[in-house]
Amino acid sequence: ENNDIDMDEDRESPDLKLRINMDMPFHKIDSSWLPNEKLLYLEISSGEESMEQETPAQASTLKTIRFGFKEKATRMVMGLDQRPIWEMTYHDPTAVAIQLEAISSSLKDERYGPIKWLKEVTVLKQEDNKTDIGLQIESHLNHVRIFWMNIGNRLVMDLFDEPMEIDDKDLLSALDSDTQKEGDDNQENDIENKIDQKTEQPETASSPDMGHIVRMKIPKREGLDADQTTDNNSAETIGPLMIEPKMDTVFPGINEGKEMVQGLSPEEAFLFGRIQEAREINDFEKGAALTNHFLTEFPDSTLIEKISFWRGDFYYYLWKRGDKSITQKVINAYKYAIDYFGRSMYVPLAYIKIAQASSTTGNHYAAIGYLSLLINKKEGDYLPLSYLTRGKIYLQMDQTEKAISDFQTLLSRYPDSTYNVEANFWIANYYHIVGLYEEAENRLNEIADSDSQLYLEYPEYLSLCAKNSLYLKNYDVARDYLVRAVNIGHQSETVDLLLARIGDTYHQQENEKEAEKYFRMVIDYYPESEGASIAKLRLADYFSDISILEDLSNENMGEPIGDLALLEKAYQLYEKEQYIAALDSLDELTAKPFQTETRKEARHLYYRSMEKEITRLYHSNGQKELTDLYRSKSKTLTDNIVPEITLLVALSFNNLRLYNDAISAFLKIKPYDLNQVSRGKYIYGLAGSYFANGDEDSARKLLEKNRGGKLDILDQRKMTMLLADIYMAKGMLRDAHDLYQSLVIGKIKISDKEIARSYLFMGKILNREANFKKAREALNRSIALAEKDEESKALLQSAYIEISGIYHNEKKYPQAVKSFEHGFALGYGPDNNDYWKMRFRLALSYLATGEPKKAEPLLNEISEGGDTILQQKAQIRLGAIGLDEQLKQLSFMPETGN
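Residues numbered from 1 in each chain as written. Predicted model: local features only at pLDDT ≥ 70, side-chain atom pairs only at ≥ 80, totals over all residues. Heavy atoms only, no water.

**Some words on the overall build of the protein**
- Each helix and strand counted, the protein has 38 helices and 13 strands in total.
- Considering only residue pairs separated by 6 or more positions, the protein has 57% of its internal contacts joining residues 24 or more positions apart.
- Accessible surface for the protein amounts to roughly 43200 Å². Of this, 48% is attributable to carbon and sulfur atoms. (Helix = DSSP H or I, 4+ residues; strand = E, 2+ residues; numbered from the N terminus. Contact = heavy atoms within 4.5 Å. Areas by Shrake-Rupley, 256 points an atom, 1.4 Å probe, with all protein chains shown as cover.)

Written out as structure tokens, the structure reads:
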């Protein structure tokens, strides 16, 4: 209410801007693109917690950045000292940027990643006390959410790989009058505060070069999540703990004395007695039938009010026993009673029961509406139970902060309520979920002090205590709770799993001997159980026994434990640096849809194994094997390997002269994803591939664009040399000469070989410009440097041949002959484009120096091997030599005297 929404169209921009002015600060922004509906969904939530501080009183400080996972999302948590001002920009399908303002002392510039489906996260501190955080995502972003958590002072961003699921029925029910009575803020303020241990302290693999790979399902000794040995990421949800309120002891009437039957007809009194009997013996099915009959037969009875509510109770008890098919009958029976007897003493409790039944059908908003109605009316006797029940339903709705608020209200306003122990229990569970394990421990201790027998009514209390102790690394305490849970029974987990957890407590204490006892006990007594499979995984890890893992995967093919076995097998192979074998073992998992965290982690390990193998092959000169491997896996890899590895693939294609493949690989890389050294290799490699492939214009544009960038000096030197070569190839001789000259006289130190090459091409350019003197000077410098380097033989050949051509042009034929002979003796051969031309010039130089006998075999050679024009010229010269010989013979013939 009272919020303004303005829309304006900027005449100078095609953008449509939506500006929303709110009368209170927002708490959460949730935005999703729904591709099927073609809708951009924006949800803005505000709440009382956002009123505490509209803007920071002083500059905020960014302390930490951590990452974690939800079921279908990657989470980034920014720890601060107070709430900051922030701005998010979504400027590319796979890029998100968030800017934190008024950050007085942020982290140093850092890079994170890859993390799940985040390729890279960069943190950059700006000069104006702002911090920019850039996130590169593997695929298109369809759903993003940002919210502030008062607890722990954290700004949280969730990035989802799927659009938001919006149920039309739920949206419509949100407009129901019963729901609206609580106020709009109760619908939209669901705060996503459930951050598990992986968010605060992600478990990285033991190998330091694995980056942010999270070995979620088979944790090593870095820390144990009691819920991580199955594919259900239970730390993300309240389950398997029960949320349904336990209200059996608060039903009025079950233990009441027999009603007075004065004034009732005999038939009416008899039927009423049978109803009371059904209540006393808990025959709820019979009671429901009898109350229906009573309401039909005696609609004017003085007991009609009580019987109407009792009918709802009978249905409710049947529903509590597990007959969920009668849920609607429960709701309808109570609604009937409330409609006719709205002032009855039974109405408050009936509303609570309707809310509970409605919630199990998914109509949470209606359930909240009923409970909010009671709370707003301040029905004193049932207010504690109303707060407790509403809090539990909020938990089912994943609106944790609201739930905790209700539980805390119950504790503060009704300190003597019998429901306080249960409220404390749920608060402890919440603290455990968000990673505040010390606070959870304090709450659990309060529960133990006030009701040491709570676990008899709430067996799941032992599981929570055990899990929290595991996170606190109190393994002895956790083991004690687990042993009690095994003996008490009625746990959310079976005995085999609990025994496996006990083994894990020893595992975390590095007591492998005791751990092995429990793991083998599980295998022996529960051979086909999930706990046995987990135990086998542990033992396989202890003994690096891949055969156990292979048996597990074969026996549980397609099952979560089978997937875990394959994943663990791949990890063992990875750690042994057997990357090809790891890839082969992961092929089956990576081919499956992304239904579980295990399969997602398998694909992540697949990419890392591929990166390791590509790196190994590249540095061992196995470039042919590298490119064959890449080609065979290119469909699976898509764009999921890091840019530096794709760069190695592109460079390998380039080195093998497979320029089309090289260009294709280069173009999969975004230059800004590379570091300074890799970016230089990328630009030089791509430009070289373009040039070698005949696309001189693309090569030139790329080099000219990036020549002045902040790159490695060596790469700058190579790029300048390549650009000069391109200029020369395109006939831009003066530009090429200037670049070569900048290399030999510049401040960048280059090798003698590179100086010799630069002088060689400077000499060639000056020769074409007919500046023979300076050309000779440049070529003589090239020759002097090349003669000192055994690896510069090809340069030396070219320099001698080039200077020979200059001597020939200057008609200094003896010098030309000497240089030509030297160049050809060094191996200047037919693989050079001007070979036959230079051979012809040598022949001409021989003729000019009066050595036709040396010229004749050369001309014969050219007439057979040169191009058509040179062949013709050679034949003409051969004819001329023959004619000269004949003329010489004629000049020596004796006179006959005639």
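**Description of the pairing of strand β11 (residues 131-137)**
- Most of β11 is tucked away: five of the seven residues are buried.
- The pairing of strand β8 (residues 95-101) with β11 spans six bridges and is antiparallel. Across the sheet, the residue bridging to L100 is T131, located in β11.
- Pairing geometry for strand β10 (residues 118-125) and β11, over seven bridges, is antiparallel. Opposite L124, over in β11, you have D132 as the bridge partner.
- Connecting the antiparallel pair β10 and β11 is a turn made up of five residues, with N129 showing a positive phi of about 60°. (Buried < 20%, exposed > 50% of the residue type's maximum accessible area, 1.4 Å probe, protein only. Pairing = 2+ DSSP bridges.)

**Considerations on the environment of R75**
- Considering the arrangement of structural elements, one finds R75 in strand β6 (residues 73-80).
- The class for R75 is buried, based on a relative accessible area of 1%.
- Sequence spacing of R75 and M157 is 82 residues, and the spatial spacing of their C-alpha atoms is 5.8 Å.
- A distance of 2.6 Å separates the side chain of R75 from the side chain of D158, its partner in a polar contact. (Polar contact = N/O pair within 3.5 Å; in protein donor to acceptor, adjacent residues only side chain to side chain.)

**A look at the sheet that holds β11**
- In space, the five strands of this open sheet follow the order β7-β8-β11-β10-β9, with antiparallel pairing throughout. Two strands bound the open sheet, and with one partner strand each, they are β7 (85-92) and β9 (110-112). Strand after strand, the sheet turns through a mean of 15° between neighbouring axes, direction not considered. (Axes fitted to C-alpha atoms, helices over the stretch in contact; angles between N-to-C directions.)

**Section: the side chain of K764**
- Take K764: it is sitting in helix α32 (residues 752-768).
- Notably, K764 is buried but unbridged: the nearest opposite-charge side chain belongs to E802, and the N-O separation is 4.6 Å. (Lys, Arg positive; Asp, Glu negative; His and termini not counted. Salt bridge = Lys/Arg side-chain N within 4 Å of Asp/Glu carboxyl O.)

**Here's the deal with the packing of aromatic side chains**
- On inspection of all chains with the given rule, the structure shows 25 aromatic pairs.
- With centroids separated by 6.3 Å and ring planes inclined at 85°, the aromatic side chains of Y316 and Y317 adopt a geometry described as edge-to-face.
- A centroid spacing of 5.7 Å and a plane angle of 45° characterise the contact between Y430 and Y431, whose relative ring orientation is tilted. Taken individually, Y430 and Y431 each receive the classification buried, so the pair is uniform in this respect.
- Taken together, the ring pairs in this structure connect F284, F314, Y316, Y317 and W319 into an aromatic cluster.
- Taking the ring centre of W310 as reference, the NZ or CZ of R279 above it sits at 3.7 Å.
- Lying across the ring of W319, K324 places its NZ or CZ 4.1 Å from the centre. (Phe/Tyr/Trp six-rings, centres within 6.5 Å; stacked < 30°, edge-to-face > 60°. Lys NZ or Arg CZ within 6 Å of the ring centre and 35° of its normal.)

**Some words on the pattern of salt bridges**
- One pass over the full model with this rule turns up 27 salt bridges.
- D313 serves as the salt-bridge partner of K353, at 2.5 Å between the closest nitrogen and oxygen. With a gap of 40 residues between them, K353 in helix α9 (residues 347-360) and D313 in helix α7 (residues 304-320) connect regions that are remote in the sequence.
- One salt bridge connects E754 with R717, and the closest N-O pair in it is separated by 3.1 Å. Residue E754 is found in helix α32, and its partner R717 is found in helix α30 (residues 713-729); the two are separated by 37 residues along the sequence.
- When salt bridges with common partners are traced through the structure, they connect D30, R75, R145 and D158 into a single cluster.

**Digging into the layout of surface pockets**
- What the second largest pocket holds in volume is close to 1300 Å³.
- Forming the walls of the second largest pocket are 32 residues, and the residues nearest its centre are L18, I29, L42, W86 and M88.
- If you list the elements that add at least two residues to the lining of the second largest pocket, you get β2 (16-21), β3 (28-34), β4 (39-45), β7 and β12 (143-149).
- Counting residues per element, the lining of the second largest pocket draws most heavily on β7, which supplies six residues.
- Residue composition of the lining of the second largest pocket, grouped by class: 20 nonpolar, six polar and six charged. (1 Å grid on protein atoms, 1.4 Å probe; cavity = no way out; pocket = protein on both sides within 12 Å on 5 of 7 lines; lining within 4 Å. Points joined across faces, edges and corners; volume = space filled by probe spheres on them. Nonpolar A, V, L, I, M, F, W, Y, C, P; charged D, E, K, R; others polar.)

**Looking at the pairing of β3**
- By the criterion of burial, β3 is predominantly enclosed, with six of the seven residues buried.
- The sheet contact formed by β3 and β4 spans seven bridges and is antiparallel. Within the sheet, the bridge partner assigned to W33 lies in β4 and is L40.
- Bridge count between β3 and β12: five bridges; the pairing is antiparallel. Its bridge partner being in β12, K28 is matched across the sheet by F147.

**So, the packing of α30 against α32**
- In the contact formed by α30 and α32, the axes pass within 12 Å of each other and the chain directions differ by 20°. Taken together, the axes of α30 and α32 lie roughly parallel to each other. The interaxial crossing formed by α30 with α32 has left-handed handedness. Across from R717, M721, D725 and M728 in α30, the residues of α32 making contact are E754, R757, S758, F761, K764, I765 and R768.
- Residues that form the contact of α30 with α32 fall into these classes: four nonpolar, one polar and six charged. (Parallel < 35°, antiparallel > 145°, perpendicular 65-115°, else oblique. Left-handed = near helix turned anticlockwise from the far one by under 90°.)

**Description of helix α17 (residues 475-488)**
- A rise of 1.5 Å per residue sets the reference length of α17, with its 14 residues, at 20 Å; its end C-alpha atoms lie 20 Å apart and thus fit the reference within 8%.
- Here α17 has its buried residues at Y475, A478, R479, Y481, L482 and A485. Each buried residue of α17 lies within a common arc of 165° when the element is viewed along its axis, so the set occupies one face.
- Contacts made by the buried residues of α17 are with α16 (460-471) and α18 (495-508).
- Within two residues after α17, G489 carries a phi angle of roughly 80°, on the positive side. (Expected span 1.5 Å × (residues − 1). Arc of directions from axis to C-beta.)

**As for the packing of α32 against helix α34 (residues 793-809)**
- In contact at an axis separation of 10 Å, α32 and α34 are set at 25° when each is read in the N-to-C sense. With respect to each other, α32 and α34 are oriented roughly parallel. In this structure, α32 crosses over α34, and the sense of that crossing is left-handed. In this structure, α32 uses K753, A756, R757, L760, K764 and N767 to contact α34, whose residues at the interface are L795, S798, A799, E802, I806 and N809.
- Taken together, the residues of the contact of α32 with α34 break down into five nonpolar, three polar and four charged.

**As for the confidence of the model for the protein**
- Per-chain confidence: the protein averages 78 in pLDDT, with 79% of residues scoring 70 or above.
- For the protein, helix α4 (residues 197-200) is the element with the lowest average pLDDT, namely 32, and helix α6 (residues 284-297) is the one with the highest, namely 93.
- Every residue in residues 48-53 scores below 50 in pLDDT, and together they form 13 contacts with partners more than four places removed in sequence or on other chains.
- Within the model, pLDDT remains below 50 along residues 169-259, and this stretch shows 266 contacts once partners closer than five positions in the same chain are excluded. (pLDDT = per-residue confidence, 0-100.)

**Considerations on α30**
- Its 17 residues give α30 an end-to-end C-alpha distance of 24 Å, which sits within 8% of 24 Å, the value for a rise of 1.5 Å per residue.
- Within α30, 12 of the 17 residues are buried, leaving the element largely enclosed by the surrounding structure.
- Elements in contact with the buried residues of α30: α28 (676-692), α29 (696-706), α31 (733-745) and α32.
- In the segment just after α30, G731 is the residue with positive phi, at about 80°.

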